[in-house]
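# Chain and residue survey
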Amino acid sequence: MAVVDLGKYLYLPLIDAKKSIGLKVNLFAVVTEISRPKRSRGHDFVMTLKVADQSSPGLYVNFFAEDTGKLPNVQSNGDIICLRRVVMRVHNGECYGSYDKHFSSFALFEGKARESFKAYQTSINYQASNNEKELLSKLRTHFYDHKSDAVMKSCLLRLNSVKTETVFDLICRVLHVCEISDDQWMIYVWDGTDTPCAPCHKDLNAEGEDPLPLNLDIVPLSRKILQTFPCVGTVFRIVVRKYFEEIPQLSDGCWVKLCNLTCELHYGIWRGLLHGSSKVHILSDEDENVKSNMRDYQDRLASGARVQSLTCSPRHSYMTGTDFEKEPCVALIKSLACRKVTHKFKSIVRVVAAYPWKGEHLRSPVQGHYRVRLTLEDSTARIHAYIHGDDGVKFFGGHPEVEKLSTKMRRLLGIKENIGVEEAATSVRDPPWVCCCLKSYYLDKSDTWGSRRYRIFGTYILD
């Protein structure tokens, strides 16, 4: 690739710039990675961009400025940057560009194949050139018509499409970051959609001694943190087992693109994994993919039915009825984050486990009243909910025969018909979505939050 002369400026291809150590060069390239500004060791702020052109897939450029407003504010990966008088340096054998606030300059342009050739941000000392549109057109054509790997999406999935044994990229908002051990982190992310329903296959006979976990949090989340989580869409946990310098920089609410991500099902809960080959790219709120995610989320909020966590089941099974049919349904996480210890609500959930689960064990052998613990889940959370006494009479329709009770429990748990009891306990289950009324209560007045529980009321199984 030849040196490009635009007016009085000579622009080097990146491959040639890397050979110009110690010299000031001019570059025209596509932004492929964005870092968040942070304090340098001195008084300035520093940020890094990775850029690419037809000659090279990448060069890192460090920017320094006394305030963040003077740093490049890249709207989207794939935008184009013009850099002038950048000093080429080497550190630990790696070549990089250094933007000096005293004499370097920059301009940012939209990377899409649009007709506009006007920069949306420039440094104070930047002077436009009459022939900039020539190189802009060439870069736009190369990176978008030919779909260069440096910028274009590769296996980009939303949370509602994740699957095991697949390497994919995810664009999401960071809600919370916590360190769970030395150089191991857990990040909580969200994109406004629900993860797919997972089949249940944990042994129901072991539920008493080894209950299905309610979450995968190694460090319990405080109610204050839960209150910052959206009530619509799955909050996806991602384990980071390798140190990424970007992770400590992530702030709550920032958008990122996670590349080469995998996920697994752990006790029926989706969990993501970042590996050594993974990458973390911080995105601008103006990134087109970010804006697309937010438009879809706003559309979901505007459509009342789609607010429910029914990604895999467009409507609930109507297997149950309630005494409060006109009350709206809310997500489980909204209750977990509620500022009141005791409250009532209605939700659409799946019964993923029960203890006991056999019809003959649902009532106390001594007093004859119902005492059952159900594990309920939606796309936002899992809880234990108890059925006691008269609430159980209403729920199960009185005191039917054991066989009928067993049939109702099998339907709730999604156990296939015509299989034996022992096989049913370990079979793969697909529980239906059911509607139920829940209320919270506490066992200890001196520890209301620590002893809070849930119970089902005003709900009944329809025959």
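The present account deals with the structure reproduced in this document. (Residues numbered from 1 in each chain as written. Predicted model: local features only at pLDDT ≥ 70, side-chain atom pairs only at ≥ 80, totals over all residues. Heavy atoms only, no water.)

What follows deals with the environment of G368. Tracing the backbone shows G368 in the loop between β18 (344–355) and β19 (371–377). Sequence-distant contacts of G368, defined by excluding residues within four places in its chain, comprise R363 and H399. (Helix = DSSP H or I, 4+ residues; strand = E, 2+ residues; numbered from the N terminus. Contact = heavy atoms within 4.5 Å.)

Judged by nonpolar contacts, the single largest core of 37 residues is most densely connected at L374, L376, F396 and L438. If you list the elements that add at least two residues to this core, you get β18, β19, β20 (382–388), α6 (389–396), α7 (402–413), α8 (421–426), β21 (433–442) and β22 (452–457). With six residues, β18 is the largest single contributor of residues to this core. Not counting chain neighbours up to four residues away, the residues in contact with L374 comprise V351, A353, A354, I383, H384, A385, I387, M409 and I456. (Core = buried A, V, L, I, M, F, W, Y, C linked by side-chain atoms within 4.5 Å. Buried < 20%, exposed > 50% of the residue type's maximum accessible area, 1.4 Å probe, protein only.)

Let us now look at the pairing of β21. Look at any regular strand and the pattern is simple: side chains alternate between the two faces of the sheet. Of all the ten residues making up β21, seven are buried; the element is thus mostly covered by neighbouring parts of the structure. The pairing of β18 with β21 spans seven bridges and is antiparallel. Within the sheet, the bridge partner assigned to I348 lies in β21 and is C435. Here β21 runs beside β22; their pairing, made up of six bridges, is antiparallel. (Pairing = 2+ DSSP bridges.)

Once that is clear, we can look at the environment of H384. Tracing the sequence through the fold places H384 in strand β20. Take H384: its relative accessible area is 18%, and that puts it in the buried class. Along the primary structure H384 and L214 are separated by 170 residues, whereas in three dimensions their C-alpha atoms are 7.9 Å apart. Leaving out residues up to four positions away in the same chain, H384 has contacts with L212, L214, R373, L374, T375 and Y454.

According to the stated counting rule, one finds 21 salt bridges in the structure shown. K101 is paired through a salt bridge with E66; the nearest N and O atoms lie 3.9 Å apart. Highlighted residues: K101 in the loop between β8 (94–99) and β9 (105–109) and E66 in the loop between β6 (56–65) and β7 (80–91), separated in sequence by 35 residues. In this structure K101 comes out as partly exposed when scored by relative accessible area, which is 32%. In this structure, R350 engages D430 in a salt bridge whose closest nitrogen and oxygen atoms are separated by 3.8 Å. With R350 in strand β18 and D430 in the loop between α8 and β21, this residue pair connects regions lying 80 residues apart in the sequence. The class for R350 is buried, based on a relative accessible area of 1%. Each of D44, E66, K70 and K101 takes part in one network of salt bridges that share partners. (Salt bridge = Lys/Arg side-chain N within 4 Å of Asp/Glu carboxyl O.)

With that out of the way, let us pick up the packing of aromatic side chains. All told, the structure shown has eleven aromatic pairs when counted by the stated rule. When the centroid spacing of 6.0 Å and the interplanar angle of 90 degrees are considered together, the rings of F345 and Y454 count as edge-to-face. In this pair, F345 sits in strand β18 while Y454 sits in strand β22, placing the two residues 109 residues apart along the sequence. As far as burial versus exposure is concerned, F345 and Y454 are alike and both buried. Each residue in the set Y11, F28 and F109 is aromatic and connected to the rest through ring pairs, giving one cluster. Cation over ring: K439 sits above F457, and NZ or CZ is 5.1 Å from the ring centre. Across the ring face of Y441, the terminal group of R455 is positioned such that the distance to the ring centre comes to 5.9 Å. (Phe/Tyr/Trp six-rings, centres within 6.5 Å; stacked < 30°, edge-to-face > 60°. Lys NZ or Arg CZ within 6 Å of the ring centre and 35° of its normal.)

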